[in-house]
Amino acid sequence: MEITLNWYLALSAVLFTIGVMGVLFRRNVIVIFMSVELMLNAVNLTLVALSQSMGDVSGQILVFFVMSVAAAEAAVGLAIVIAIFRNKLTVDVSEINLFKY
Amino acid sequence: MVTPFLFFLLAVVAVTAALGMLFSRNPVSSALWLVLNLFCIAGLYLTLNAEFIGIIQVLVYAGAIMVLFLFVIMLLNLSALPTLESLDWKAVAGFVVAMVVLAQLVYMLASGLGALPTTILAEQAAATGDASTIAKELFTRYALPFEVIGVLLLVATIGALMLAKRKPI
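Keep in mind that what you see is a predicted model, and the values were worked out from it rather than measured. (Residues numbered from 1 in each chain as written. Chains lettered and ligands numbered in written order. Predicted model: local features only at pLDDT ≥ 70, side-chain atom pairs only at ≥ 80, totals over all residues. Heavy atoms only, no water.)

Asks: How would you explain the packing of aromatic side chains if you had to name every residue and give the values?
Replies: What describes a pair of aromatic rings is the distance from one ring centre to the other and the angle between the planes of the rings. Inspection of every chain in the model, using the stated rule, returns nine aromatic pairs over all chains. Aromatic pair Trp7(A) and Phe8(B): ring centres 5.0 Å apart, planes at 85°, arrangement edge-to-face. One end of the pair, Trp7(A), is in helix H1 (residues 5-25); the other, Phe8(B), is in helix H1 (residues 4-23), on a second chain. Looking at Trp7(A), the relative accessible area reads 35%, which means it is partly exposed. (Phe/Tyr/Trp six-rings, centres within 6.5 Å; stacked < 30°, edge-to-face > 60°. Helix = DSSP H or I, 4+ residues; strand = E, 2+ residues; numbered from the N terminus. Buried < 20%, exposed > 50% of the residue type's maximum accessible area, 1.4 Å probe, protein only.)

Set out below in structure tokens:
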């Protein structure tokens, strides 16, 4: 059998869903961040597979930019986590509800 | 073009590592499962003949971002926190939402079956995936976004420093 484009798209759909489940289930904010990274990777896999099947390099350029923005997002997000932990001594998102009411 | 054995091996290990990240109690082991998953995705990029993106994946994600995550986890000493999470109606609702997302994605995939070129041609993929082709596009057509992303990374670095400082000005 031959591995076609649809196998890659199905795999990235499964990985994206696992990332969604991580964001919805977990309460540790760092694990939620890691699930967001997993979702970004699933979308990157879709972009690379489509780019390679169509012979167009623009998808891989977009993956390059997504990786750069993910690095910036991880740096700023983890700095916010450190600042919150310094004030509230927790990373549980159900405890961080300052803006809830 | 792709060996099916290699694809299925990488896919199974990637999904297993993602599930391990989802279900492990300790954040450090969560991060290590995610590193394994990122390596598998880099291998999948290599099976797609996208060498540049695969190497960048290992360098940036597994090398830089995950080290940052592990550094913060160990800095905050999270093992002292109670990590017990109970299964309640929120988890059930989250599972339903995630399954709805998966159903939508599978529906999109199934409805686009005829519209997409399914076979991936090896020589075409090898021509688009190497570093010189990407560099040619990146420094001519996408030169301005490339410069903007450099400024964005600088701003993110300074912002992270300002946020994580002990006494903000």
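Asks: Please provide a residue-by-residue account of the environment of Leu68(B), values included.
Replies: Mapped onto the elements of the fold, Leu68(B) is located in helix H3 (residues 51-76). On the accessibility criterion, Leu68(B) (30% relative accessible area) is partly exposed. When the C-alpha positions of Leu68(B) and Ile53(B) are compared, they lie 20 Å apart, and in sequence the two are 15 residues distant. Not counting the four nearest positions on each side in its chain, Leu68(B) is found in contact with Ala74(A), Ala75(A) and Leu78(A). (Contact = heavy atoms within 4.5 Å.)

Asks: Would you mind going over the confidence of the model for chain B in detail, with residue names and values included?
Replies: This prediction gives chain B a mean pLDDT of 85; 86% of its residues lie at or above 70. Mean pLDDT across the secondary structure elements of chain B bottoms out at helix H5 (residues 122-129) of chain B, with 71, and peaks at helix H7 (residues 143-164) of chain B, with 93. (pLDDT = per-residue confidence, 0-100.)

Asks: So what about helix H4 (residues 89-111) of chain B? Which residues, and what values?
Replies: With 23 residues, H4(B) should cover 33 Å at 1.5 Å per step; its first-to-last C-alpha distance of 33 Å lies within 8% of that length. Residues of H4(B) that are buried include every one of Ala91(B), Gly94(B), Ala98(B), Val101(B) and Leu109(B), and no others. Buried positions along H4(B) lie against H1 of chain A. (Expected span 1.5 Å × (residues − 1).)

Asks: Can you tell me about unusual backbone geometry, naming the residues and giving the values?
Replies: Although it is not a glycine, Asn49(B) sits at a positive phi angle of roughly 65°. Among the structural elements, Asn49(B) can be located in the loop between helix H2 (27-47) and H3.

Asks: Tell me about the interface of chain B and chain A, and name the residues and values.
Replies: The interface of chain B with chain A comprises 82 residues on the first partner and 70 residues on the second. Of all residues in chain B, Leu22(B), Tyr61(B) and Phe69(B) bury the most surface against chain A, accounting for 9% of the area lost on that side. Linking chain B with chain A are 11 residue pairs in polar contact (both at pLDDT 80 or more), by the criterion used here. For the side of chain B that touches chain A, the secondary-structure elements that each account for two or more residues are H1, H2, H3, H4, H5, helix H6 (131-140) and H7 of chain B. (Buried area = accessible area lost by both parts, 1.4 Å probe. Polar contact = N/O pair within 3.5 Å; in protein donor to acceptor, adjacent residues only side chain to side chain.)

Asks: Please set out the environment of Gly150(B) residue by residue, giving values where relevant.
Replies: Locating Gly150(B) in the fold gives a position in helix H7. A sequence separation of 58 residues divides Gly150(B) from Val92(B), and the C-alpha atoms of the two residues are 42 Å apart.

Asks: Just give me the short version of a nonpolar patch on the surface, but keep the residues and values in it.
Replies: All names here are of chain B. On the surface, Phe5, Leu6 and Leu9 cluster together into a nonpolar patch covering about 310 Å² of accessible area. Tracing the backbone shows leucine 6 in helix H1. What makes leucine 6 partly exposed here is its relative accessible area of 37%. (Patch = residues over 30% accessible without salt bridge, like charges linked within 9 Å, V, L, I, M, F, W, Y side chains within 5 Å. Areas by Shrake-Rupley, 256 points an atom, 1.4 Å probe, with all protein chains shown as cover. Salt bridge = Lys/Arg side-chain N within 4 Å of Asp/Glu carboxyl O.)

Asks: Could you give me a rundown of H7(B), with the residues and numbers involved?
Replies: Over its 22 residues, H7(B) runs 32 Å from end to end, which matches the ideal 32 Å to within 8%, given 1.5 Å per residue. Along H7(B), the residues classified as buried are Ile149(B), Ala156(B) and Ala160(B). The arc that holds the buried residues of H7(B), viewed along the axis, is 25°, so those residues lie on one side. Along H7(B), the residues that are exposed and aim more than 90 degrees away from the buried face are Leu144(B), Glu147(B), Val151(B), Leu154(B), Val155(B) and Leu161(B). Those residues of H7(B) that are buried are in contact with helix H3 (58-88) of chain A. (Arc of directions from axis to C-beta.)

Asks: So what's going on with the pattern of salt bridges? Which residues, and what values?
Replies: Using the criterion set out here, one finds two salt bridges over all chains in the structure. Two residues, Arg27(A) and Asp92(A), come together in a salt bridge whose shortest N-O distance is 3.4 Å. In this pair, Arg27(A) is assigned in the loop between H1 and helix H2 (29-54) and Asp92(A) in the segment after H3, connecting sequence segments 65 residues apart. For Asp92(A), a relative accessible area of 17% corresponds to the buried category. When the shortest N-O distance is used, the salt bridge between Arg141(B) and Glu137(B) registers 3.6 Å. What makes Glu137(B) partly exposed here is its relative accessible area of 21%.

Asks: Give a detailed account of the nonpolar core, specifying residues and quantitative values.
Replies: Counting residues in each nonpolar core, the largest one holds 67 residues, and the members touching the most others are Tyr8(A), Ile30(A), Met34(A), Ile53(B), Met66(B), Phe69(B) and Leu76(B). Mapped by element, the contributors of at least two residues to this core are H1, H2 and H3 of chain A together with H1, H2, H3, H4 and H6 of chain B. Sequence-distant contacts of Leu76(B), defined by excluding residues within four places in its chain, comprise Ile30(A), Val81(A), Ile82(A), Phe85(A) and Val91(A). (Core = buried A, V, L, I, M, F, W, Y, C linked by side-chain atoms within 4.5 Å.)

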